[in-house]
Amino acid sequence: MKASASLIIALVSTGLLASCTKPAVTIDNAWIRTPPPGMSMTAAYLTLHNKTAETITLVGATSEAFEQVTIHESRVVDGISEMIRLRSLSIAAGERLVFQPGGLHLMMTKPKQAVARGDNTTITLQLADQTRVPASAVVSDQAP
Ligand SMILES: [Cu+2]
């Protein structure tokens, strides 16, 4: 009886340890620009905060509402605005990565369902270590 009680305590402790070692990566202010009428693509923005003690690497994202999500960066080269696709992005311990209009954004293409202003839909970021970080994003005409 005593032995089985110890075993249970040991298992509970292990579970707690496992959840404590899971890195804290948070997402704030996630929003998706209201797609213009007739357009099948739009962009999403958010702030990713790496609260862990290690560098993390963002490798992709998925969405409830769009089949394809890619990491893009808008840049102005010789006066011409262009977008490049990024395969991954590293965020140092304690750092924030801000996705905002005119810079980093998530390109949302191939809608699975219609999205309208005011809707909330989940975007999930994927890290290189297999961690998934979900966030609720509001569909809006401007940053919330
Ligand atoms: Cu883009």
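What counts as what
- Every chain is numbered on its own, with residues counted from 1 as its sequence reads.
- Given that this is a predicted model, residues contribute local features only at a pLDDT of at least 70 and side-chain atom pairs are listed and counted only at 80 or more, while totals for whole chains, interfaces and linings are drawn from all residues.
- Nonpolar cores are identified as sets of buried Ala, Val, Leu, Ile, Met, Phe, Trp, Tyr and Cys residues joined via C-beta atoms within 7 Å.
- In this scheme every C-beta is placed from the backbone, and a residue whose C-beta has 20 or more other C-beta atoms within 10 Å is buried, one with 12 or fewer is exposed, and one in between is partly exposed.
- Secondary structure counts use DSSP, requiring at least four H or I residues in a row for a helix and at least two E residues in a row for a strand, with both numbered from the N terminus.
- Residues are scored as being in contact if the C-beta atoms we place from backbone atoms lie within 7 Å.
- pLDDT expresses how confident the predictor is about each individual residue, on a scale running from 0 to 100.

A few points about the nonpolar core
Counting residues in each nonpolar core, the largest one holds 24 residues, and the members touching the most others are A44, L46, L106, M108 and A137. Listed by contribution, the elements that provide at least two residues to this core are β1 (25–33), β2 (42–50), β3 (56–63), β4 (66–77), β8 (104–111) and β9 (120–127). Examining the composition of this core, we find that five residues originate from one element, β2, more than from any other. The residues touching A137, leaving out its near neighbours within four places in the chain, are A30, W31, I32, A44, L46, T121 and I123.

Examining the confidence of the model for the protein
On average, residues of the protein carry a pLDDT of 88, and 84% of them reach 70 or more. When pLDDT is averaged over each helix and strand of the protein, the minimum, 50, is found for helix α1 (residues 2–21) and the maximum, 98, for β3. Taken together, the stretch residues 11–18 has pLDDT below 50 and engages in zero contacts with residues farther than four places along the chain or on a different chain.

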